[in-house]
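Chain residues, written in single-letter form:
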Amino acid sequence: MGLGPVRWHHALLTLWTVCWFFVATRHGAVSWHYLKQGEELLFGQEQGGGLALYANHPELQIGPVSFLVAGLFAPFPADGGEKFAEAAMSGLGLWMVVLIGRAAADHYLGTGTNHKRLQQRVLIAGAAFIPMWVEVSVRFAHLDDVLALFFTTLAVRSLVRGQATATGVFLALACDSKPWAVAFLPLLLALPRGTWLRSAAWTVGLVAVAWLPFYLGNMNTLAAAHFTIPNQPATSLRWFGVNDPVTPWWDRPAQMALGLGLGALAVRRGRWPAVVLLAADARIVLDPSVYTYYNASVLLGTLIWDAIGQRRLVPWVSWIALISLYGSALIVPSDSTRGLIRLAFAVGSAAYVLLWPMREPRNRRGGKRGAATDIPQQRTPVDEYPLYANPAG
């Protein structure tokens, strides 16, 4: 019946997720101990925690919301808690693909978009996204990155539905889960201008509620912002002549500034679905580390772009990202070459989403829609689900 194609589409993605989960879980939860340690410190189960957590442990570059969520798995035995967390996080990735599909359906509501082709596009892009999602959620078990990207997905969904307050709240929760999610804030600019103040106030307020107690409780928390990590040989920074053994002092501010600037430019050019990809590009091109789980943010960005930002059936940006970033990490032996590939992808994908001519969808009356300014007023489920959930309707 009408729901048949959707169930088949979801079934394929679920099977794909399960396959990758079992591949990764054999050597999974590489970094789960950081979440467990931070959760115990936050709740005072270890000395030097509480509001002094970040002052005494600047290596925990993880937001307080992530530690709170990690506490949900604390009652379970250690091994069982890890596996449960891995399963829950991998399931979030599957849900995120569904949410992006529904956001795309909302975005193209009333434009004559072929429903089946849209589902196929989300399915193909989602198939590229899942392996990288399992990398961050199962192999490394980075709950902080998982939550930052999950809340950003909810923000995109709310943005398309015209829910300004919810968009601001979800972006704040993303920043409260992982600080680098600040680079996704240009999504607020894609909301109707009259809602900017309200949505920004929610974002700033909730970020302050989460982080200010740590800064006011221990002023040494400020030093945590200067925590450095090794500058690895395969990073793109080497191609800029940055050979410092650790993170240069200007690197983190430059990452944030570049991500925010490119995101704001994308919104100005009517291409807000590129914001997440551009922020992720700025991260991978300037980060001194090259962990494969970083690529999950890139693949979320390409998923959003391929589902919402462009209308081609084959979402080739997602698959180019998977092959070039993950494939090169597996088969290219040269550190320098891997760094060049990362740089080429970041620059090439950013130039493409910002500059390449795009065909705009038509509205119900046959006129052109602007991708950035065509943010709908708040919708009800009656408006949204017929397009994505019932292609025959």
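Above this text is the structure in question.
Draft legend 1. Representation of the overall build of the protein in the model. What the protein contains, in helices and strands, is 15 helices and zero strands. Counting all 393 residues of the protein, 54% fall into the buried class. Contacts in the protein between residues at least 24 apart in sequence constitute 77% of all its contacts with a sequence separation of at least 6. Within the structure as shown, the protein displays about 16,800 Å² of accessible surface, and the carbon and sulfur contribution to it stands at 67%.

Draft legend 2. Summary view of the pattern of salt bridges. Under the counting rule described, the total for this entry stands at nine salt bridges. With a closest N to O distance of 3.5 Å, Glu40 and Lys36 form a salt bridge. Of the two residues, Glu40 and Lys36 are both situated in helix H2 (residues 32-42); the distance of four residues between them amounts to about one turn of the helix. The class for Glu40 is buried, based on a relative accessible area of 16%. Note that Asp144 and Lys178 form a salt bridge whose closest N and O atoms lie 2.7 Å from each other. Here Asp144, found in helix H7 (residues 143-160), pairs with Lys178, found in the loop between helix H8 (164-177) and helix H9 (196-217); they are 34 residues apart in sequence, far enough to count as distant. Classification of Asp144 as buried rests on a relative accessible area of 0%. Residue Lys178 is classed as buried on the basis of its relative accessible area of 9%. One connected set of salt bridges, linked through shared partners, spans Asp144, Asp145, Lys178 and Arg283.

Draft legend 3. Expanded view of the side chain of Arg157. Along the polypeptide, Arg157 turns up in helix H7. Residue classification places Arg157 among the buried positions, given a relative accessible area of 6%. A polar contact is formed between the side chain of Arg157 and the side chain of Asp106, at a distance of 3.0 Å.

Draft legend 4. Highlighting the packing of helix H12 (residues 295-309) against helix H13 (residues 316-331). Interhelical geometry of H12 versus H13 gives an angle of 165° and a closest axis separation of 8 Å. One way to sum up the angle between H12 and H13 is to call them roughly antiparallel. Crossing of H12 against H13: the hand is right-handed. Across the interface between the two elements, Asn295, Val298, Leu299, Thr302, Leu303, Trp305 and Asp306 from H12 touch Trp316, Val317, Ser318, Ala321, Leu322, Leu325 and Tyr326 from H13. In terms of residue class, the contact of H12 with H13 is made up of ten nonpolar, three polar and one charged.

Draft legend 5. A look at the packing of aromatic side chains. Evaluated as defined, the whole model comprises 20 aromatic pairs. On the numbers, 5.3 Å between centres and 45° between planes, the contact of Trp95 with Phe150 is tilted. Within this pair, whereas Trp95 is found in helix H5 (residues 78-107), its partner Phe150 is found in helix H7, the two being separated by 55 residues in sequence. For Phe150, a relative accessible area of 9% corresponds to the buried category. A centroid spacing of 5.7 Å and a plane angle of 50° characterise the contact between Phe150 and Phe151, whose relative ring orientation is tilted. Considered together, Phe150 and Phe151 belong to a single accessibility category, that of buried residues. Connected via pairs of aromatic rings, a cluster forms that spans Trp32, Phe73, Phe76 and Phe84. Residue placement shows Arg283 over the ring face of Tyr294; its charged tip is 4.1 Å from the ring centre.

Draft legend 6. Structural context of the environment of Asp176. Mapped onto the elements, Asp176 comes out in helix H8. Expressed as a C-alpha distance, the spacing of Asp176 and Ala210, which sit 34 residues apart in the sequence, is 6.3 Å. When near neighbours in sequence (up to four residues on either side) are disregarded, Asp176 contacts Gly63, Pro64, Val65, Ser66, Leu206, Val207, Ala210 and Trp211. Within the local environment of Asp176, its side chain forms a polar contact with the side chain of Trp211, the two groups lying 3.3 Å apart.

Draft legend 7. Highlighting H2. Regarding H2, the residues found buried are Trp32, Leu35, Gly38, Glu39, Glu40, Leu41 and Leu42. At the exit of H2 stands Gly44, carrying a positive phi of roughly 75°.

Draft legend 8. Representation of the nonpolar core within the structure. In terms of nonpolar packing, the biggest core is built from 109 residues, with Trp32, Phe129, Trp272 and Val298 touching the most fellow members. Sort the elements by how many residues they give to this core and H7 lands first, with twelve residues.

Draft legend 9. Up close: unusual backbone geometry. Positioned with a positive phi, Ala29 is a non-glycine residue whose angle comes to about 60°. Take Ala29: it is sitting in the loop between helix H1 (4-25) and H2. For Ala29, a relative accessible area of 10% translates into the label buried. Residue Ala141 is not a glycine yet carries a positive backbone phi of 55°. Mapped onto the secondary structure, Ala141 falls in the loop between helix H6 (115-139) and H7. Look at Ala141 and you get buried, because its relative accessible area is 1%.

Thresholds, definitions, all that
Residues numbered from 1 in each chain as written. Predicted model: local features only at pLDDT ≥ 70, side-chain atom pairs only at ≥ 80, totals over all residues. Heavy atoms only, no water. Helix = DSSP H or I, 4+ residues; strand = E, 2+ residues; numbered from the N terminus. Buried < 20%, exposed > 50% of the residue type's maximum accessible area, 1.4 Å probe, protein only. Contact = heavy atoms within 4.5 Å. Areas by Shrake-Rupley, 256 points an atom, 1.4 Å probe, with all protein chains shown as cover. Salt bridge = Lys/Arg side-chain N within 4 Å of Asp/Glu carboxyl O. Polar contact = N/O pair within 3.5 Å; in protein donor to acceptor, adjacent residues only side chain to side chain. Axes fitted to C-alpha atoms, helices over the stretch in contact; angles between N-to-C directions. Parallel < 35°, antiparallel > 145°, perpendicular 65-115°, else oblique. Left-handed = near helix turned anticlockwise from the far one by under 90°. Nonpolar A, V, L, I, M, F, W, Y, C, P; charged D, E, K, R; others polar. Phe/Tyr/Trp six-rings, centres within 6.5 Å; stacked < 30°, edge-to-face > 60°. Lys NZ or Arg CZ within 6 Å of the ring centre and 35° of its normal. Core = buried A, V, L, I, M, F, W, Y, C linked by side-chain atoms within 4.5 Å.

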